[in-house]
Amino acid sequence: MRDLVILDVFGVLCKRVNRRVVYRPGVKSFLRWCYSRYRVGYYSSTRKESVMSTLCTILDKTLLEKTEFVCTREDCIADKEDKFTYHESWSIEEFNGQYVHEYSTVKIIDIPGSWLLCDDSPLKCRHNPRDRCIIVPAFQKPESTDEALKRLRASIVSGFMHMKSSEAGGLQIATST
C-alpha cells in the first residue's frame, strides 16, 4: 500500500482573497508530484461545496478520481471549548511564538499504512502524532514569491523516510525564508 499524504486545502494549497481563490505558486505541479508517488486525501474546516469547487479547478478528472477522500467541516471535531488547551507534547514555543486562533481540529483515525498530515495550523494538528504532521507556512501574500510547496516536497519525502527507518522524526516545519 502506498503512503498517504493528507493536505489541508485553504492555507496550504490556496488562499481566499476578496471572495476569490488564489492558488499558491506551483500548486498544480506539486499535486501531480504527490499523486505520482502517494495516495492523496484532503481536508478542510470549510464547507464541502467550497472545497470541491476549489479542487475541481486545480485537479483534472483523473486526479480527482484517484483522490482517497475529502473531509470537510462536517467531518472535523468542533473544538471551541478547547481552543486554549494544547496537547502536552505540543509547546507553542515550538512554532516560533505563532499563536493561531482556530476553532476546529482534525484527528486522523483508522487510516491503514503510513500517512502525513500537512497543514498551516499547528493547533489543528495537535491531536495527531508529532512525527505525522508537517506544518507549512500559511499562504499569505499571493503576489510574492512563495516556495513553500517546494520545501513541502522535501519534508514529505523526509517524513516518510523517517517513518520507514523507525526513527522518531519529530515535527517537520517547512519554514519560509
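On a predicted model such as this, the values are computed, not experimentally measured, just so you know. (Residues numbered from 1 in each chain as written. Predicted model: local features only at pLDDT ≥ 70, side-chain atom pairs only at ≥ 80, totals over all residues. Heavy atoms only, no water.)

Asks: When you look at the pattern of salt bridges in this model, what are you seeing that I'm missing?
Replies: A pair can form between side chains of opposite charge whenever their charged atoms are brought close. Overall, the coordinates contain three salt bridges when judged by the stated rule. Across the pair Glu49 and Arg47 runs a salt bridge whose closest N-O atoms are separated by 2.8 Å. With relative accessibility at 43%, the residue Arg47 sits in the partly exposed group. One salt bridge connects Glu147 with Lys150, and the closest N-O pair in it is separated by 3.9 Å. The exposure class assigned to Lys150 is exposed, which follows from its relative accessible area of 57%. (Salt bridge = Lys/Arg side-chain N within 4 Å of Asp/Glu carboxyl O. Buried < 20%, exposed > 50% of the residue type's maximum accessible area, 1.4 Å probe, protein only.)

Asks: Even after reading the chapter, I still don't get the side chain of Arg132, so can you show me in this structure?
Replies: Structurally, Arg132 is set in the loop between helix H4 (122–125) and strand S9 (133–135). Excluding residues within four positions of it along the chain, Arg132 makes contact with Gly113, Ser114, Trp115, Leu116, Leu117 and Met163. (Helix = DSSP H or I, 4+ residues; strand = E, 2+ residues; numbered from the N terminus. Contact = heavy atoms within 4.5 Å.)

Asks: Help me understand the pairing of strand S4 (residues 39–43), please; the structure alone is not making it clear to me.
Replies: The two faces of the sheet receive side chains in turn, since in a regular strand these alternate between them. Of all five residues in S4, five are buried, a share of seventy percent or more. Going residue by residue along S4, you find Arg39, Gly41 and Tyr43 tucked away on one face and Val40 and Tyr42 tucked away on the opposite face as well. Judged from the five bridges that link them, strand S1 (residues 4–8) and S4 form a sheet pairing that is parallel. Residue pairing for S4: Asp8 is matched across the bridge by Tyr43. Here S4 runs beside strand S5 (residues 70–71); their pairing, made up of two bridges, is parallel. The partner of Tyr43 across the bridge, within S5, is Cys71. (Pairing = 2+ DSSP bridges.)

Asks: Where do I start with the nonpolar core in this structure?
Replies: As a rule of thumb, nonpolar side chains are buried together in soluble globular proteins. Membership of the largest hydrophobic core comes to 32 residues, with the highest contact counts inside it found for Leu7, Phe30, Leu31, Tyr42, Leu152 and Ile156. Among the secondary structure elements, those contributing two or more residues to this core are S1, helix H1 (27–37), S4, helix H2 (48–58), strand S8 (115–119) and helix H5 (148–164). When residues no more than four places from it in sequence are discounted, the contact partners of Leu31 are Leu7, Leu13, Tyr42, Ile58 and Leu59. Counting eight residues, the second-largest nonpolar core is a separate cluster that includes Tyr43, Trp115, Leu117 and Cys125. (Core = buried A, V, L, I, M, F, W, Y, C linked by side-chain atoms within 4.5 Å.)

Asks: Which parts of the structure should I look at to understand H2?
Replies: Residues three or four positions apart in an α-helix share a direction because the helix packs 3.6 residues into each turn. Among the residues of H2, Ser50, Val51, Thr54, Leu55 and Ile58 are the ones counted as buried. Seen along its axis, H2 keeps its buried residues to an arc of 125 degrees; they face one direction. Tucked into the core, H2 has its buried residues touching strand S2 (14–17), strand S3 (20–23), H1, S4, helix H3 (61–66) and S5. (Arc of directions from axis to C-beta.)

Asks: What is the right way to look at the packing of H1 against H5 in this model?
Replies: Packed helix pairs are specified by the crossing angle of their axes together with the interaxial distance, meaning the distance between the axes. Orientation of H1 relative to H5, taken along the N-to-C sense of each, is 15 degrees, at an axis distance of 10 Å. For the element pair H1 / H5, the angle class is roughly parallel. As for the relative orientation of H1 and H5, their crossing is right-handed in sense. Residues Val27, Ser29, Phe30 and Trp33 of H1 lie in contact with H5, whose contacting residues are Leu149, Leu152, Arg153, Ile156 and Val157. (Axes fitted to C-alpha atoms, helices over the stretch in contact; angles between N-to-C directions. Parallel < 35°, antiparallel > 145°, perpendicular 65-115°, else oblique. Left-handed = near helix turned anticlockwise from the far one by under 90°.)

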